Structure formats: structure tokens, C-alpha cells
Amino acid sequence: MKDIPQTGLQAAGGRTASLGAAATAPAATPAVTAGAATAAHAVTQPQRGATPPQAELAAPGTEMRGARVLIEALIHEGVDTMFGYPGGAILHVYDELARYRDRISHVLVRHEQGAVHAAEGYARSTGKVGVVLVTSGPGATNCVTGLANALMDSTPIVCITGQVPTSLIGNDAFQEADVVGITRPCTKYNYLVKDVRDLAQVVKEAFFIARTGRPGPVVIDLPKDVTAAKTAFHYPEKVDLPSYRPPGRGDAGLVRKAVEMMVAAERPVLYVGGGIVNADASAELMTLAERLNLPTTPTLMGLGGFPSAHPLSLGMLGMHGTYAANMGISNADLLIAVGARFDDRVTGRLKDFAPHARVIHVDVDASSINKNRHVEIGIVGDARLVLQQMLECLERDLRLEGPPPRAAWWKTLREWSRKHPFRYRKRRNVIMPQAVIEELSRLTGGEAIVASDVGQHQMWVAQYYGFKRPRQWLNSGGLGTMGYGFPAAIGAAKAHPDRTTISAWFGSGRSCSTRGSTARSGSSGCRTSSSWRRRTRPRGSGRSRRRRCARSSRRG
């Protein structure tokens, strides 16, 4: 998207484009402490400990400083929750945020990476855009891991980072960092705003880019003098980005050919990924699977997109998936991939993946088609819209009397499922982790939002928790980020205060990564339940035995 036109801002390509707007911001107003009102708003300075006055939404054309423009723009985008950590370069925004606290809730984190993960949990559990607010320099660079994680897992995030004044950019000023350059590889797009008059338009574009097409993170780098400069507020009604046109419906001819292939196939398998969840296409997916009697297998990111207990479900696919799902893929004559990217954890050796199958691939990202696996039919489009087209084609053109029986294929799949289920060995006086997950699933009725950290316990949850619907399962699938689980659970709990949220994090490494988030959970009022396992040595072996011997020798 290098060619997206910008006005007085720095784009992801590292260039500054201008369409006639002045590039120099007005002089900055003096900085004030967080929560204090400014003379520019004609409000009396509150005494220490006093409650700041509440702001009303501004009428179009009202003159205000950039910090307030940002908050007003966020409210127009429907933002009700932000996750962040303040600092000097972003204090003007925090000043304004205090005045809008009845409209936007701010969750103070202990580390900026945790803020991004919490915003991811909020976004993945709601389908809305998660919002992060941090300061310049190390505050912004601490977000990089979270941004890379969001890009890999297609999570819509808008991360607003403070920046030194525009006059100091490039001078190695205190807490200056090239945020645009650093985040270019790990964001869908990023901006450096240089003119306060462009700010509202930038926010509008950032949210549009983050949530449309293949969702992803967008960074808005905001210099301190831009947040202090004044302008008349007008929020744009629409976005005009000629070089960015997110796909909608797929090619009608290809859709018809794909449906005909699905009807005629003897051994088809429907392989679905996280794109089904992102597109809110679960209902259409289930209808298509039932109409055509299609065996269905989700990836790790697709769990919940198709109910685990549904008769057509083969269980999760991949190196930690079920025997039936993987054998089904290996023996299929047609593979229908929807919202999946043929990840190496699913395919293994590509030459041995679905070796006998023709492939239909539906994806909103054109670059994913034929990237890892050659396909016979590649349909670029939104998963929900394309599935709707397929259902329309079935009703209008083919008019089947009933689902294709495929009795022999289903007999083979059922036999594999019966002979090779997930199993674990039960041990006396030991509670097995798999049993814990099964019990959590039973106690919650499979209805809880479950956030996991990364590792073997992540696979246990995926295997043994019976997910019923989309947006229940939060995990770091692509980047495998330690420390993801608990902040993500906080974000989900903030978004769904009346639902049970479980964070499954095991092992001392994950505990260290998320200990600060545990403190945040208690002070923010988020209700999350956690389970964890600490690895210990047997009492009589190795290091512990040597220590006891040493103590005995000293005493003797």
C-alpha cells in the first residue's frame, strides 16, 4: 500500500506527501500535568485531588488542540476502551483523556507490550479495533513484539505513540526513535503526523485500514507539538484511498466452478482458518458444510469458527491435531481452504500435504493465493461474502435434492476418529493437565473465553476444551509470543465483564513474562481465572539432593 495518498504526514514508505496542506504545525502550547485542564479550554485549574470536569462532544468547526482532536476522533470511531502507559511526549493526550473518562476507559498497564496484548484480547473477543496509547522512544519500541504478533494473527489494532516535537525529529533528541522505520515491517500501515490539520483524517484512515481486508495493526506516531497545536475540528465522513480497495465478493465464475467441484468430489475436506473468525463467517460456514455434507477441520486460529462437537467436525488440523483430520487431508481428492494460509504447522512438508487433492482457496489476501501451495481455483474475497455466494449458487443454479451422502468416505473418517482419539495416561496422585482442561470445559459448558500462553499447554487447551463459537479462543498463533495469555485475558475481561474469562498459563517462564499483568488485573477490577503449573525436580534427585547433602555436611 505504498501509494496510499497522504496529506502532510509520513507514510509507511518513509516519504512525506503533501496535497497542498502546510507541513509546519502551529506553535506548541505549554505542557500540563495529566488530568489538568488548560487555559485554552477556559476551565479553571482544579486543585490537587479534585475531579476534572467532564467534556462534551465538540460541534463541527470547534477550535481545539490536537490532543482533543485525537480523543474526539476516537469517540467517533466507537472507541470505549484504551490500554496504555503515559509519558512526557503523550501527556497532552492524557490531559484530554481525563476529561473524557466517562466515555473512554483507560487501562493502565505495567509494560507497553502488555498493552498491545490486552488490546489484542479486546479486539479478538469483540471484533472491534483495539487501541493502544503509549509514549515516545522506549514506550513505542516496547510495543514492537505486540505489533508483530498482531500482524501475524491478523488482529486489528491502532497503536498511538508519542513522538518528540517535529523540530527535533532527526536530531537524536531525548527519547526520540524512528517509530515509522522500526514498525514498518511489523504493521499493516503506519503514519507520522506532521500537521494537526491532518490528524482527524489520519485517525479515520487508520481505523479503516486496521479493520478491513486482512485485519492488522496500524501505528499513528504523534509528535508532542502536534498534540499541542490548535485547529478547527471536522471529522471526515468517509475514506478515499484509491490504491487500497479491500476485496468484497469473489469472482462469480470461479465461485460457481468451486461449488460444482465440491458437489462432485468423493473425498472432500473443508479446511478453515482464522479468517472465518475475522470475517464473522461462522454461520455461513456451518450452512455450507451441512448442505454439502463436508468434513470440516479448523486450524489452531480457526478453533471456534466451527463447533468442536458438531458431527461434521474432524477436530483440529496440524502437527498437534487429530489423526482423523490429518489422515483426511492426506487422502482427500478435494481440499477447500477458507481463510487459511497453509502454515507450516499445518502442512509439514509441502510436497506431502494433500498430495492427491485439487485445491480451492478462498482468502481476502491475494498474496496468500498460490504462495505456499498451488491451487486449482483461487478466489480473492471476504470469506463471509464468498460463502454467501456459494450458498446462493447452490440455491439458484444447482438445486440439490439433499446433501451428497459420501457414505464410504464418512465411514473411513469415523473409523479413524474412533480408533485414534486424543488420549493421555492417567496417573495416581497426579492431576494431569489434560484433565484440568477437560474439567474447565465441563464446568463452563464450553462457553468461556479462554486465553492461553504459548507452549504445550496451548495445545492441551486447543485439544481438550470444547469451543462452541468464534471469538472464544485467544492465543498467539503465528509469532508464538510468551507473555501473551494473561494480558489478552485482561483485554477480553474488560470487553466482557459478565462472561467467564480463563487464562491458561503454565511454567515459570510464562509467569515471569506476565507477572506485571497479574498486578494490573487486580487493580483494574478485571475478573480472570488462571491455571498454571510449575516445573519442579523430583524431591530426591539432582540439585535438591546435592543441596541437602551440603547442608548436612556443614551441620556435621
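Heads up: these notes are all about the structure in this document.

Here is what the cut-offs are and how they apply
- Residues numbered from 1 in each chain as written.
- Predicted model: local features only at pLDDT ≥ 70, side-chain atom pairs only at ≥ 80, totals over all residues.
- Heavy atoms only, no water.
- Buried < 20%, exposed > 50% of the residue type's maximum accessible area, 1.4 Å probe, protein only.
- Helix = DSSP H or I, 4+ residues; strand = E, 2+ residues; numbered from the N terminus.
- Pairing = 2+ DSSP bridges.
- Axes fitted to C-alpha atoms, helices over the stretch in contact; angles between N-to-C directions.
- Left-handed = near helix turned anticlockwise from the far one by under 90°.
- Contact = heavy atoms within 4.5 Å.
- Salt bridge = Lys/Arg side-chain N within 4 Å of Asp/Glu carboxyl O.
- 1 Å grid on protein atoms, 1.4 Å probe; cavity = no way out; pocket = protein on both sides within 12 Å on 5 of 7 lines; lining within 4 Å.
- Points joined across faces, edges and corners; volume = space filled by probe spheres on them.
- Core = buried A, V, L, I, M, F, W, Y, C linked by side-chain atoms within 4.5 Å.

Some details on the pairing of strand β18 (residues 501-504)
Residues T501 and S503 point to one face of β18 and I502 and A504 to the other, with burial holding for every one of them. Where strand β16 (residues 449-452) meets β18, 4 bridges bridge the pair, whose relative direction is parallel. The residue bridging A451 from the neighbouring strand is S503, located in β18.

Digging into the pairing of strand β13 (residues 334-338)
Of all the 5 residues making up β13, 5 are buried; the element is thus mostly covered by neighbouring parts of the structure. Across the two faces of β13 the burial is the same, with L334, I336 and V338 and L335 and A337 all buried. Pairing geometry for strand β11 (residues 268-272) and β13, over 5 bridges, is parallel. Looking at β13, one finds that L270 is bridged to I336. Where β13 and strand β14 (residues 358-363) come together, 5 bridges link them in parallel fashion. Counted as the bridge partner of L334 is R358 from β14.

Some details on the packing of helix α1 (residues 66-76) against helix α7 (residues 199-211)
For the pair α1 and α7, interaxial distance at closest approach is 9 Å and the crossing angle is 35 degrees. For the pair α1 and α7, the crossing hand works out as right-handed. Together, G66, V69, L70, A73 and L74 of α1 and L199, A200, V203 and F207 of α7 make up the contact between the two elements.

Side note on the pattern of salt bridges
Scanning the model with the defined rule gives 26 salt bridges in all. Between D397 and R396 there is a salt bridge; the shortest N-O distance is 3.3 Å. Using a relative accessible area of 32% as the deciding quantity, one classes D397 as partly exposed. Residue R469 is joined to E447 by a salt bridge in which the shortest nitrogen-to-oxygen separation is 2.1 Å. Here R469, found in the loop between α17 (456-464) and β17 (473-474), pairs with E447, found in the loop between α16 (433-444) and β16; they are 22 residues apart in sequence, far enough to count as distant. Of the residues examined, R469 reaches a relative accessible area of 35% and is grouped as partly exposed. The partly exposed category is assigned to E447, whose relative accessible area is 31%.

So, the layout of surface pockets
There is about 490 Å³ of room inside the second largest pocket. Counting residues per element, the lining of the second largest pocket draws most heavily on α17, which supplies 3 residues.

A few points about the nonpolar core
Ranked by internal contacts, the top residues of the largest apolar core, which has 55 residues, are M262, L335 and M390. A total of 7 residues in this core trace back to one element, the largest contributor, which is helix α14 (residues 383-398). Residue contacts for L335: discarding those within four places in its chain leaves V269, Y271, I329, F342, F353, A354, A357, R358, V359 and I360. With 43 residues, the next largest nonpolar core counts A67, I71, V93 and Y94 among its residues.

Some words on the sheet that holds strand β15 (residues 377-380)
Strands sit in the order β12-β11-β13-β14-β15 across an open sheet of 5 strands; the sheet is parallel. Of all strands in the sheet, those bounded by a partner on one side alone are β12 (296-298) and β15. On average, adjacent strands in this sheet sit at an angle of 15 degrees to one another, irrespective of strand direction. Bridge count for β11 against β12 is 3 bridges, and the pairing is parallel.

Keep in mind that these numbers describe shape and distance, not what the molecule does.
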